[in-house]
Amino acid sequence: MTTTTMPKTDQVTTPSTAQTPLPDADTLRKWLRDMMLIREFEVRSMQAYQNKLAGGFLHVYNGQEAVAVGCIGALRPDDPVITAYRDHGHALARGMDPKVGMAELFGRIGGCAKGKGGSMHFFDAEHHMYGGHGIVGAQAPLGAGLAFATKYRDEVMGSSKNNHVTLCFMGDGAINQGAVHEAMNLAAVLSLPVIFIVENNFYAMGTAIDRSTAAAGHICDRAAGYEMESAVVDGMDVLEVYRGMKPLVDYCRETSKPVFVDMRCYRFKGHSMSDPRKYRTHDEEAKWELEDPIERLAAHLQGAGGVTAEDTKAMAKTVRQEIRAAVDWAKQSPEPPIEELYHDVYVDRWGPYTGTSVPSFMQRRSSDREQTNDA
Ligand SMILES: Cc1ncc(C[n+]2csc(CCOP(=O)(O)OP(=O)(O)O)c2C)c(N)n1
Ligand SMILES: [Mg+2]
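The rules we used
- Residues numbered from 1 in each chain as written.
- Chains lettered and ligands numbered in written order.
- Predicted model: local features only at pLDDT ≥ 70, side-chain atom pairs only at ≥ 80, totals over all residues.
- pLDDT = per-residue confidence, 0-100.
- Contact = placed C-beta atoms within 7 Å.
- Helix = DSSP H or I, 4+ residues; strand = E, 2+ residues; numbered from the N terminus.
- Buried ≥ 20, exposed ≤ 12 C-beta atoms within 10 Å, placed from the backbone.
- Near = placed C-beta within 6 Å.
- Nonpolar A, V, L, I, M, F, W, Y, C, P; charged D, E, K, R; others polar.
- Expected span 1.5 Å × (residues − 1).
- Bend = angle between axes of the 7 residues up to and from the residue.
- Pairing = 2+ DSSP bridges.
- Right-handed = clockwise from strand over helix to strand, strands pointing away.

1. Considerations on the confidence of the model for the protein
Then comes step 1: Per-chain confidence: the protein averages 91 in pLDDT, with 90% of residues scoring 70 or above.
Then comes step 2: Note on residues 1–15: pLDDT is under 50 here. Beyond four places in sequence and across chains, it has 32 contacts.

2. Here we look at unusual backbone geometry
Then comes step 1: At E227, a residue that is not glycine, the phi angle is positive and equals roughly 50°.
Then comes step 2: Positionally, E227 belongs in the loop between helix 8 (221–224) and strand 6 (229–234).
Then comes step 3: On the basis of neighbour counts, which here come to 9 C-beta atoms within 10 Å, the residue E227 falls in the exposed class.
Then comes step 4: Backbone geometry at S256 places phi at a positive 55°, although glycine is not the residue there.
Then comes step 5: Turning to its location among the elements, S256 is positioned in the loop between helix 9 (238–255) and strand 7 (259–264).

3. Notes on the site of ligand 1
Then comes step 1: Taken together, 14 residues lie near ligand 1, and V136, G171, D172, G173 and A204 sit nearest.
Then comes step 2: Along the lines of polarity and charge, the residues of the shell around ligand 1 split into six nonpolar, five polar and three charged.

4. Remarks on helix 9
What sets the pattern is the α-helix's 3.6 residues per turn: residues three or four places apart point alike.
Then comes step 1: Here helix 9 contains 18 residues, and its C-alpha end-to-end distance of 25 Å stays within 8% of the 26 Å for a straight helix at 1.5 Å per residue.
Then comes step 2: Its axis deflected by about 25° at M245, helix 9 carries its strongest bend there, up to four residues before the proline P247.
Then comes step 3: Inspection of helix 9 places V238, L239, E240, V241, Y242, R243, G244, M245, K246, L248, V249 and C252 among the buried residues, and these make up the whole buried set.
Then comes step 4: Here the buried face of helix 9 lies against helix 1 (25–50), helix 2 (65–73), strand 3 (194–200), strand 6, strand 7 and helix 11 (293–303).
Then comes step 5: Remark: S256 follows helix 9 within two positions and exhibits a positive phi of approximately 55°.

5. Concerning the pairing of strand 7
Then comes step 1: Most of strand 7 sits inside the fold, with six of its six residues counted as buried.
Then comes step 2: Alternating residues of strand 7 divide into V259, V261 and M263 and F260, D262 and R264, and every residue in both groups is buried.
Then comes step 3: Across six bridges, strand 3 lies against strand 7 in parallel orientation. Opposite E199, over in strand 7, you have M263 as the bridge partner.
Then comes step 4: In this structure, strand 6 lies alongside strand 7, joined through six bridges in parallel fashion. Pairing of A231 across the sheet is with V261, part of strand 7.
Then comes step 5: Handedness of the crossover joining strand 6 and strand 7 through helix 9: right-handed.

As structure tokens, then:
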């Protein structure tokens with residue numbers, strides 16, 4: 001048994017919080033509903049898993065809902081998002097229909113990946129959600145690649161400039177992966193509009209962050225090595241997440257420079273369904289449960305007026321009905337036929353390869369060439 005030296009959320013500093021105005025009351029109510037929807041989806045996912053309706057691995061997002069909802073709330077709807085295997089919350093926050101998500105979990109043809117991906121591979125191109133990735137840190141190069149693609153379209157292919165910002169989420173366990181550092185380096189070298197968000201829940205499986213990571217209390221120092229802007233944000237409060245992220249998203253969009261975020265949060269459940277959580281104490285869990293992001297936003301909305309306890313209850317009821325309908329729908333969806341194994345393996349949307357050219361943002365500056373004398 002080990003205990004972590006994790007900072008409490010009240011010790012966390014958040015940038016520019018005072019200056020960033022919050023969105024209107026309807027948006028805040030939608031965020032509360034979205035967080036409730038994610039929580040209920042996870043509760044029913046765990047039930048379904050125990051009832052053997054879902055197979056494979058299941059990693060639920062309980063406790064971290066404010067991160068996906070607040071970060072995605074700071075984006076435009078067409079900005080790309082990519083994450084790891086704890087991905088249901090991001091997909092739902094991005095607008096995925098819970099029916100389609102539940103069917104994916106159940107391995108049914110109605111799922112977002114036709115039941116061929118399961119829990120770890122929620123993918124929804126229409127909502128610019130690019131997965132769901134099971135290899136720790138593997139989504140970081142893909143996130144940099146998505147940002148590269150948006151920049152390439154703007155500067156080389158496109159007739160109009162879209163200035164997309166890509167959000168690339170990862171766990172704290174990913175930050176010691178070589179691929180993550182290669183991606184951060186390339187993002188800095190090519191000036192790619194990507195925000196690397198570490199959902200720092202202080203554990204990678206059963207290993208506390210200070211047992212696996214040097215200088216665990218200040219992982220933003222790693223971003224400094226790439227001359228990248230960075231921030232620590234309280235991920236247990238959706239308003240703080242939004243206030244922290246909005247200026248960073250705006251900065252990234254304006255400058256096309258990458259950003260790194262240490263998003264402090266806590267997962268209320270185990271790493272996966274087979275985790276008995278023996279590596280942390282009940283006291284520690286109880287302390288973090290007091291920070292429940294859903295309760296915090298509900299209290300804010302009730303305190304700020306406009307929303308009553310009855311409204312919140314009614315919202316919770318609607319959400320329960322929606323998720324129950326999603327479970328029923330997913331159960332009705334057939335299993336994929338065997339031929340599906342060979343479908344969707346390769347995509348040739350852009351036609352055959354016809355050569356390439358180097359976009360200007362990849363060309364080395366002439367001053368660099370003069371310095372190294374190898375023009
Ligand atoms: C390259 C690689 N190594 C090991 C694993 C096994 N593994 C799966 S999840 C995990 C822990 C990751 O923890 P973290 O990144 O903090 O994410 P969290 O589960 O806390 O969201 C590990 C080691 C893996 N999937 N990929
Ligand atoms: Mg973690």
